[in-house]
Amino acid sequence: MEHTQQMANALKDIEKVIDQGPYSPDWESLSRYPVPAWYREAKFGIFIHWGVYSVPAYFSEWYCRLMYYHGNPVYWHHCRKYGKDFSYREFIPMFRAEKFDAQQWVQMLKAAGARFIMPVAEHHDGFKMYDRALSDWTAVKMGPHRDILQELKTACEAENVIFSTSSHRAEHFWFMNGARTVGFPNEITQGKHPDFYGDCVNMHKHNNLYTLLRQEHGIEPTQAWLEDWLVSSCELIDRYRPASLFFDWWVSYKAFRPYMKRFLAYYYNRSVEWSKEVCVYYKSDAVMYNCAIFDRERGQLPGISPYIWQGETSTAYNAWSYCTTNRFKTPQTIICNLLDVISKNGCFVLNVGPKADGTFCEEEQHILRVLGEWTARNAEGIWGTQPYKVFGEGKKQKSGSFHEKNRYTGRDYRFTCKPGAVYAFALCPKGKKKFSVRSLADSMDLFHCVIKRVSILGEENQVQFSQDKHSLTLCLPERVETDLPICFKLEVD
């Protein structure tokens with residue numbers, strides 16, 4: 001009864017903020033909220049997936065869901081290593097974060113070039129990495145007994161890095177529902193700890209890869225769950241005042257729309273009270289265009305977007321959290337992804353996944369070191385720039401999420417610009433000494449500026465060039481040795 005009254009009071013407080021603020025829960029009003037200046041300039045942020053799922057550290061951050069489904073590697077791994085009677089809840093005391101140092105994290109991520117940092121506040125497993133009044137299942141009360149989110153926020157403020165966060169709570173309504181059909185008793189079917197496991201709603205009678213892949217199909221959130229989501233989201237931003245908040249995909253379900261509009265109005269009105277610029281990231285059509293920031297997971301846009309958008313991916317191909325089974329990308333692949341996003345009016349977000357103890361694996365440390373060196377050398381072509389009239393040239397990319405099979409070649413370029421300069425990034429320069437850029441040929445329709453000087457960022461020597469109606473040709477004295485993208489700066493009039 002006390003929890004019910006707390007929820008009712010929280011909903012009243014939310015409505016009061018909405019009623020008294022300049023933004024109302026309708027798309028026309030919400031569309032007037034401006035994109036933050038800090039986000040337009042950020043270009044590069046870091047996502048952090050870290051939580052209880054980092055303890056088993058196997059296959060992916062979806063461990064708590066996959067451990068209940070026959071026919072997938074996590075189920076067999078869990079049965080072999082822990083036994084089928086070992087519940088997900090029992091991983092919580094093992095999440096000790098004994099080597100976690102927030103300041104060290106932020107310094108390392110800032111050195112990699114990140115302008116904002118976005119740790120996950122709550123993932124689909126329902127365990128909160130922050131202190132929530134209406135839940136005991138938090139890192140403060142049950143995990144490492146530390147407010148992870150607050151420590152990271154404090155470190156960000158000390159290092160002058162923008163602090164953001166994410167909530168994946170919406171999916172918790174059904175996320176561990178495989179436990180209901182797995183075929184043996186478990187804490188979910190026994191009704192134990194419902195305040196942790198959630199409703200676990202399941203529309204399927206069978207338990208196999210087919211039903212696993214169908215995920216949430218046919219499930220509709222209840223009013224109680226939608227109100228819980230709204231209250232949880234509003235409490236999160238009130239406690240930590242993040243500069244932005246990320247939502248995963250299930251908030252795009254139509255039942256969320258009136259609640260999403262109320263949340264946005266609440267957050268935007270709060271930001272006015274705080275004199276702070278904020279934004280929200282969403283997937284699919286969870287939010288009307290130009291009312292928040294569209295996010296594309298592990299994918300690209302085919303061209304320059306009229307609205308600023310966000311492209312996010314992870315250091316690993318297969319997971320967002322640290323796993324012993326991770327297959328890591330090369331720094332070159334990640335940098336090419338970054339350049340593709342910013343050339344199309346986007347902001348690039350790279351995810352990292354620390355180990356359960358709070359340290360980073362060697363592979364991610366290497367990626368971050370290389371990123372730091374590369375962004376420092378090429379900063380001029382990244383920050384303070386805008387998209388050029390064309391994003392670049394080379395391979396045509398598919399539009400959509402989960403398209404990460406791009407194989408760039410020596411013919412791929414991405415462009416940015418600022419007054420008096422065009423920056424042409426050669427994505428795969430290794431072994432080349434002659435570069436032909438067709439988009440910068442002398443043409444009244446494409447590029448008709450006067451080129452005064454060409455150089456490579458990070459180097460002092462000028463680059464020899466010639467230009468005709470077919471291409472701009474850039475010639476170097478020696479072949480390029482690095483496999484990382486290089487940036488030609490064209491000083492133009």
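Residues numbered from 1 in each chain as written. Predicted model: local features only at pLDDT ≥ 70, side-chain atom pairs only at ≥ 80, totals over all residues. Heavy atoms only, no water.

**Q** Looking at this model, I keep getting lost on the sheet that holds strand β12 (residues 421–426). Mind explaining?
**A** Strand pairing in a sheet takes place through backbone hydrogen bonds and is either antiparallel or parallel in direction. Strand order across the open sheet formed by 5 strands is β10-β11-β12-β17-β14, with antiparallel pairing between neighbours. In the strand order of this sheet, the two ends are held by β10 (386–393) and β14 (451–456), each with one partner. Along the sheet, successive strands turn relative to each other by an average axial angle of 20 degrees, direction set aside. Examined bridge by bridge, β12 and strand β17 (residues 486–492) share 6 bridges and lie antiparallel to one another. Bridge pairing links V422 to L490 in β17. Along the sheet, helix α12 (residues 331–343) contacts β10, β11 (413–418) and β12; its crossing angle with β11, the most-contacted strand, is approximately 50 degrees. (Pairing = 2+ DSSP bridges. Helix = DSSP H or I, 4+ residues; strand = E, 2+ residues; numbered from the N terminus. Axes fitted to C-alpha atoms, helices over the stretch in contact; angles between N-to-C directions. Contact = heavy atoms within 4.5 Å.)

**Q** Looking at this model, I keep getting lost on the packing of helix α1 (residues 2–20) against helix α10 (residues 223–240). Mind explaining?
**A** When two helices pack together, their arrangement is captured by the angle between the axes and the distance separating the axes. The contact between α1 and α10 brings their axes to 10 Å, and the two run at 65 degrees. Considered as vectors, α1 and α10 are oriented roughly perpendicular to each other. As α1 packs across α10, the resulting crossing turns out to be left-handed. Facing α1, whose interface residues are M7, A10, L11 and I14, α10 presents E227, D228, L230, V231 and C234. (Parallel < 35°, antiparallel > 145°, perpendicular 65-115°, else oblique. Left-handed = near helix turned anticlockwise from the far one by under 90°.)

**Q** Help me understand the pairing of strand β16 (residues 472–475), please; the structure alone is not making it clear to me.
**A** Residues in a regular strand project their side chains so that they alternate between the two faces of the sheet. For strand β13 (residues 434–437) and β16, the ladder comprises 4 bridges, and the chain directions are antiparallel. Bridging across to β16, K434 finds its partner in C475. Pairing geometry for strand β15 (residues 464–467) and β16, over 4 bridges, is antiparallel. Bridge assignment links Q467 to a residue of β16, and that residue is L472.

**Q** Explain the nonpolar core here, please?
**A** Most often, soluble globular proteins keep nonpolar side chains buried together rather than apart. Grouped together as the largest cluster of nonpolar side chains are 128 residues, with contacts concentrated most on W229 and F263. Once residues within four sequence positions are removed from consideration, W229 is found in contact with A170, F247, V251, F256, Y259, M260 and F263. In this structure, V437, I451, L472 and L476 belong to the second largest nonpolar core, which totals 23 residues. (Core = buried A, V, L, I, M, F, W, Y, C linked by side-chain atoms within 4.5 Å. Buried < 20%, exposed > 50% of the residue type's maximum accessible area, 1.4 Å probe, protein only.)

**Q** Can you walk me through the sheet that holds β16 in this structure?
**A** The strand order across the open sheet formed by 3 strands is β13-β16-β15, and the pairing between neighbours is antiparallel. Two strands lie at the open edges of the sheet, namely β13 and β15, each paired on one side alone. Shown here is a sheet whose adjacent strand axes are inclined to one another by a mean of 15 degrees, direction ignored.

**Q** Please explain α12 as it appears in this structure.
**A** One full turn of an α-helix is made of 3.6 residues, so residues set three or four places apart face in the same direction. The end-to-end C-alpha separation of α12 is 18 Å, in line with the 18 Å expected for 13 residues at 1.5 Å each. Of all 13 residues that make up α12, 12 are buried, and the element is covered over most of its length. The positive-phi residue at the C-terminal boundary of α12 is N345, with phi of around 70 degrees. (Expected span 1.5 Å × (residues − 1).)

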